[in-house]
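The lines below spell out each chain.
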Amino acid sequence: MDFDTIIGPIGTLVTCQSNSPRKGEDLRDLPIIVDGAVGIKDGKITFVGKYDEIAGQKAQKTIDASKKMVLPGFVDCHTHIPFLGDRSNEMIMRFEGKTYMEIAKSGGGILNTMGFVRYSSEQNLLEAAKKSAARLLENGTTTFEGKSGYGLDFDNEIKQLNVLKKLGSETSQKVVSTCLSAHFLPPEYKEKREKYIEMITEKILPFAAKNKLADFVDVFCENGAFTLAETKEILTKAKSLNFKTRVHADEIENYGGAKLAAEIGCVSADHLLMADDEAIELLSEKGVVAVLLPATAFFLRKPFARARKFIEKGCVIAVASDLNPGSSYTYSMFQVLTVAVFGMGLFPEEAIWASTLNAAFALSVQNEVGSIEIGKRADITIWDVSHPIYLFYPFGEKSLSAVVSKGILVYWKE
Ligand code: NIG
Ligand code: FE
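Residues numbered from 1 in each chain as written. Chains lettered and ligands numbered in written order. Predicted model: local features only at pLDDT ≥ 70, side-chain atom pairs only at ≥ 80, totals over all residues. Heavy atoms only, no water.

**Describing the layout of surface pockets**
Stage number 1. Its volume calculated, the largest pocket comes out at about 250 Å³.
Stage number 2. Around the largest pocket, the lining is made up of 16 residues, and of these Lys98, Thr99, Tyr100, Met101 and Lys302 lie nearest the centre.
Stage number 3. Contributing elements (two or more residues each) for the lining of the largest pocket: helix H1 (88-95) and helix H2 (100-105).
Stage number 4. Considering each element in turn, the lining of the largest pocket owes the most residues, 3 residues, to H2.
Stage number 5. Grouping the constituent residues of the lining of the largest pocket by class yields 6 nonpolar, 4 polar and 6 charged.
Stage number 6. Forming the walls of the second largest pocket are Ala104, Lys105, Leu111, Phe184, Leu185, Pro186, Pro187, Lys190, Arg193, Gly224 and Ala225. (1 Å grid on protein atoms, 1.4 Å probe; cavity = no way out; pocket = protein on both sides within 12 Å on 5 of 7 lines; lining within 4 Å. Points joined across faces, edges and corners; volume = space filled by probe spheres on them. Helix = DSSP H or I, 4+ residues; strand = E, 2+ residues; numbered from the N terminus. Nonpolar A, V, L, I, M, F, W, Y, C, P; charged D, E, K, R; others polar.)

Written out as structure tokens, the structure reads:
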């Protein structure tokens, strides 16, 4: 066998191989190969095992990681790329006591970013999105999901989805696209919200389906955004067009979004800060991935989602950044995991599953990414630590040493 690249020897190789998403007590157990190696050919993983078995074989490039730890690249299963603009003023408004919804209803929030996105050309938006993708990559994120939801009319929603599609072919990262036209009611529909819903179900979704512009459809189901009935209508239509579905659920109030996600059979329900025990049980029963976004709670100074309860009830949990300019402005999954561990109460091993393989399940891309496994994309991060615990124990240190994306070494620490 010959390889383009061999990473090896590797002190601690964490493969995250598993046939099913991890949950319950199994989340504490990471598959580790000591003195391991990974072989790469044509952007894919073609060998995983002990270095002894591969030592001496031909490769154009060898990366020595003998004193390091190797993980699968992060799968950030919830971001709001593409976006433009600066909303730092809203952070100060919140510190002064205004709520997220008060800011949103007074024309700030999502509508603020809508202004930037609407007045940007597709090319400019694509350039901004490429910069965002590059920042994610240098922080170890090799797969990410992005959304529309800042265009809020036909042309601008499609513009965002077009950008996501182009982004997928112009970066080495895997990009999953979600249509979130039901993110916020745009001002021109204030007195006729049913017309906006109709535009989503009758124009945007059929167009996106026909042109293969999105994998998922999502709704911000919340008091002040979209009602349970509207969410159901939009997601039912989405399913009929063969989209996968997900919901921004129970972020601000215990509104019923998570229960609806279970009823509809969504792939994931995201946020869930206020989800009650019954909702958590339903998500577990129906196998809906609970996507927890601890950086949002941290950034908005809100209580965290009850991660231990989700795990105790047997839910599949994933952790993502929610990267957006308003409620979670971070490009670093590593920072998100630090918050997940110290704020939300995850163990280091749980945080790793939640941001790799389980997150791949949240996007239905578990056959391609999320673990270091033969046949999957060669998406790999290398860390200057000897064990997962040391990612967190000296907290806040950026111990990321290198990133391999689709088989290419795209980042390394000088
Ligand atoms: O996931 N909750 C709704 N949407 C985003 C925030 C978007 C924004 O504030 O721009 C979120 O937090
Ligand atoms: Fe979000």
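**Comments concerning empty space enclosed by the protein**
Stage number 1. Inspection of every chain in the model, using the stated rule, returns 2 cavities of 30 Å³ or more.
Stage number 2. By volume, the largest cavity is sized at about 90 Å³.
Stage number 3. Around the largest cavity, the lining is made up of 13 residues, and of these His80, Tyr100, His183, Glu251 and Ser327 lie nearest the centre.
Stage number 4. Residues belonging to the lining of the largest cavity are distributed by class as follows: 4 nonpolar, 6 polar and 3 charged.
Stage number 5. Its volume calculated, the second largest cavity comes out at about 40 Å³.
Stage number 6. Taken together, Pro72, Gly73, Phe74, Val75, Thr142, Thr143, Val369, Gly370, Ser371, Arg377 and Asp379 make up the full set of residues lining the second largest cavity.
Stage number 7. Looking at the lining of the second largest cavity, the elements that each hand over two or more residues are strand E5 (74-76) and strand E6 (141-147).
Stage number 8. Of the domains in this structure, domain 1 (3-72 + 370-412) and domain 2 (75-362) are the two that each give at least three residues to the lining of the second largest cavity. (Domains from an automatic or database assignment.)

**Concerning the coordination of the iron ion (ligand 2)**
Stage number 1. Protein ligation of the iron ion (ligand 2) involves His78 (NE2), His80 (NE2), His248 (NE2) and Asp322 (OD), the donor distances falling in the range 2.1 to 2.3 Å.
Stage number 2. Read in sequence order, the donor residues for the iron ion (ligand 2) give the motif H-x1-H-x167-H-x73-D. Separated by 74 residues along the polypeptide, His248 in strand E9 (residues 244-249) and Asp322 in the loop between strand E12 (317-319) and helix H12 (333-342) bring together distant segments of the chain.
Stage number 3. His248 gets classed as buried once you look at its relative accessible area, which sits at 2%. (Donors = N, O, S within 2.8 Å, 3.2 Å for Na, K, Ca; no water. Buried < 20%, exposed > 50% of the residue type's maximum accessible area, 1.4 Å probe, protein only.)

So, to be careful, I would describe these as geometric facts and stop short of saying anything about function.
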